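Coordinates in review
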Amino acid sequence: MAKVHGNDPTGYSYGDADALKTAARNLASAINGQTATRAAAVTSAGREFRGYFSQVFADNAGIASRSASKLSDALSSLVGFVDELREAAKQEDRRRADAKAWEARKREREENFFVGAAHEVSTWFGAEDDPKPPEPEPEPQLQADAVSVRGRTIPAGGGGSGGTSSAVPADLRSFASSTRGADDSLSGSVSSFRNALSGYESGCNTCWGTLHAQSLVTAVQDWLTDNGHDASWASRRSDQQGQS
């Protein structure tokens, strides 16, 4: 009896794939939606900021903004990767269903003389044969886009080689508060993305194809951690300015 490789369904979880796509889109949208608010907070804090620390502040803000854009782009790319893997699994499930049906027909021709004879006669007179379905395509192996969010500088204090610095304390406190609020508002979307990725890994990676994307979760968390460092530094500077 003929045996075609992989006749049973893959077990790929299309629901987990769709959940990951939704979570990635939502997180990308949430990050993009904060662009104007974060930029406004930076502009306000930098309006009267002077000296060495003002340049550090501006540099860090630029890194934070560019990192946010990179994260959003990578999340959007991830949606495309999931689509690719989902379609590959769908095609494999279809191929396996065809293979299972072919095997059943093949078995019937082998076990039932009349069915087998009828098939031979029909093909003799030009009827289309019943070819064996193709072997499976290689399982896709996809890696999320690498995102670098590092590079921010948090001075320990003092003016450094650039001399003294000055700023309006209230502006720095406002920046710190705005940054923390924006980061906090992302917590739900970040958690949903992390859980959806874990769900995909357990419901899909073990079945057909593989998606590696934990590095993106790490990058998001690193970006948020650095945002928190920026906010804490701005708060400390506001206190120092208030005492000077």
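A short tour of the structure in this document, coming up. (Residues numbered from 1 in each chain as written. Predicted model: local features only at pLDDT ≥ 70, side-chain atom pairs only at ≥ 80, totals over all residues. Heavy atoms only, no water.)

Notes on the overall build of the chain
Looking only at helices and strands, the chain features seven helices and four strands. The buried share of the chain, reckoned over its 244 residues, is 41%. In the chain, 92% of the contacts between residues at least 6 apart in sequence involve partners at least 24 apart. (Helix = DSSP H or I, 4+ residues; strand = E, 2+ residues; numbered from the N terminus. Buried < 20%, exposed > 50% of the residue type's maximum accessible area, 1.4 Å probe, protein only. Contact = heavy atoms within 4.5 Å.)

Some thoughts on the packing of aromatic side chains
Going through the model one piece at a time under the given rule, you end up with six aromatic pairs. With 5.3 Å between their ring centres and 45° between their planes, Y52 and F53 make a pair best called tilted. Three or more aromatic residues joined by ring pairs form one cluster here, namely Y12, Y14 and Y200. (Phe/Tyr/Trp six-rings, centres within 6.5 Å; stacked < 30°, edge-to-face > 60°.)

Let's talk about empty space enclosed by the protein
A water-sized probe rolled over the atoms picks out the places where empty space is left. Taken as a whole and judged by the stated rule, the model has one cavity of 30 Å³ or more. Taken together, F57, N60, A61, F175, D230 and W233 make up the full set of residues lining the largest cavity. Put simply, the parts of the chain that give the lining of the largest cavity at least two residues each are helix 3 (52-111) and helix 7 (214-243). No other element matches helix 3, which puts three residues into the lining of the largest cavity. Residues belonging to the lining of the largest cavity are distributed by class as follows: four nonpolar, one polar and one charged. (1 Å grid on protein atoms, 1.4 Å probe; cavity = no way out; pocket = protein on both sides within 12 Å on 5 of 7 lines; lining within 4 Å. Points joined across faces, edges and corners; volume = space filled by probe spheres on them. Nonpolar A, V, L, I, M, F, W, Y, C, P; charged D, E, K, R; others polar.)

With respect to helix 1 (residues 14-33)
Relative to the 28 Å expected for 20 residues at 1.5 Å per residue, helix 1 spans 28 Å between its end C-alpha atoms, a close match to the ideal helical length. Buried residues of helix 1: A17, L20, K21, A23, A24, L27, A28 and I31, and no others. All buried residues of helix 1 lie within an arc of 165° about the axis, which places them on one face of the element. (Expected span 1.5 Å × (residues − 1). Arc of directions from axis to C-beta.)

Observations concerning the packing of helix 2 (residues 35-46) against helix 5 (residues 169-185)
Viewed as axis vectors pointing N to C, helix 2 and helix 5 meet at an angle of 165°, and their least axial separation amounts to 8 Å. As judged from the angle between their axes, helix 2 and helix 5 are roughly antiparallel. You can see that helix 2 and helix 5 cross each other, and the crossing is left-handed. Here T37, R38, A41, V42, S44 and A45 of helix 2 lie close against helix 5, whose contacting residues are D171, L172, F175, S178, T179, A182 and D183. Residue composition of the contact of helix 2 with helix 5, grouped by class: six nonpolar, four polar and three charged. (Axes fitted to C-alpha atoms, helices over the stretch in contact; angles between N-to-C directions. Parallel < 35°, antiparallel > 145°, perpendicular 65-115°, else oblique. Left-handed = near helix turned anticlockwise from the far one by under 90°.)

Here's the deal with the layout of surface pockets
Of the voids in this model, the largest pocket is the one considered here, and its volume is about 310 Å³. Taken together, 20 residues form the lining of the largest pocket, with R38, A39, A61, A64 and S65 sitting closest to its centre. For the lining of the largest pocket, the secondary-structure elements that each account for two or more residues are helix 1, helix 2, helix 3, helix 5 and helix 7. Along the lines of polarity and charge, the residues of the lining of the largest pocket split into nine nonpolar, eight polar and three charged.

Section: the state of the cysteines
Within the structure shown, the criterion is met by zero disulfides. There is no disulfide at C204, and the cysteine sulfur nearest it, in C207, is 6.7 Å away. Judged by relative accessible area, which is 0%, C204 ranks as buried. (Disulfide = S-S within 2.5 Å.)

Let's talk about the pattern of salt bridges
Counted by the stated rule, this structure contains nine salt bridges. With a shortest N-O distance of 3.9 Å, R150 and D226 are connected by a salt bridge. On the criterion of sequence distance, the pair formed by R150 in the loop between strand 2 (141-143) and strand 3 (165-166) and D226 in helix 7 is long-range, its members being 76 residues apart. Exposure remark for D226: the relative accessible area of 9% places this residue in the buried category. (Salt bridge = Lys/Arg side-chain N within 4 Å of Asp/Glu carboxyl O.)

What about the environment of G203?
Tracing the backbone shows G203 in helix 6 (residues 187-203). As for G203 and G11, which are separated by 192 residues in sequence, their C-alpha atoms are 8.0 Å apart. When neighbours within four sequence positions are excluded, G203 is seen to be in contact with G11, Y12, S13 and D16.

Concerning the side chain of R152
Structurally, the position occupied by R152 is in the loop between strand 2 and strand 3. Residue R152 is classed as buried on the basis of its relative accessible area of 13%. For R152, the side chain forms a polar contact with the main-chain oxygen of D226, separated by 3.5 Å. Among the polar contacts made by the side chain of R152, one reaches the side chain of N227 at a distance of 2.8 Å. (Polar contact = N/O pair within 3.5 Å; in protein donor to acceptor, adjacent residues only side chain to side chain.)

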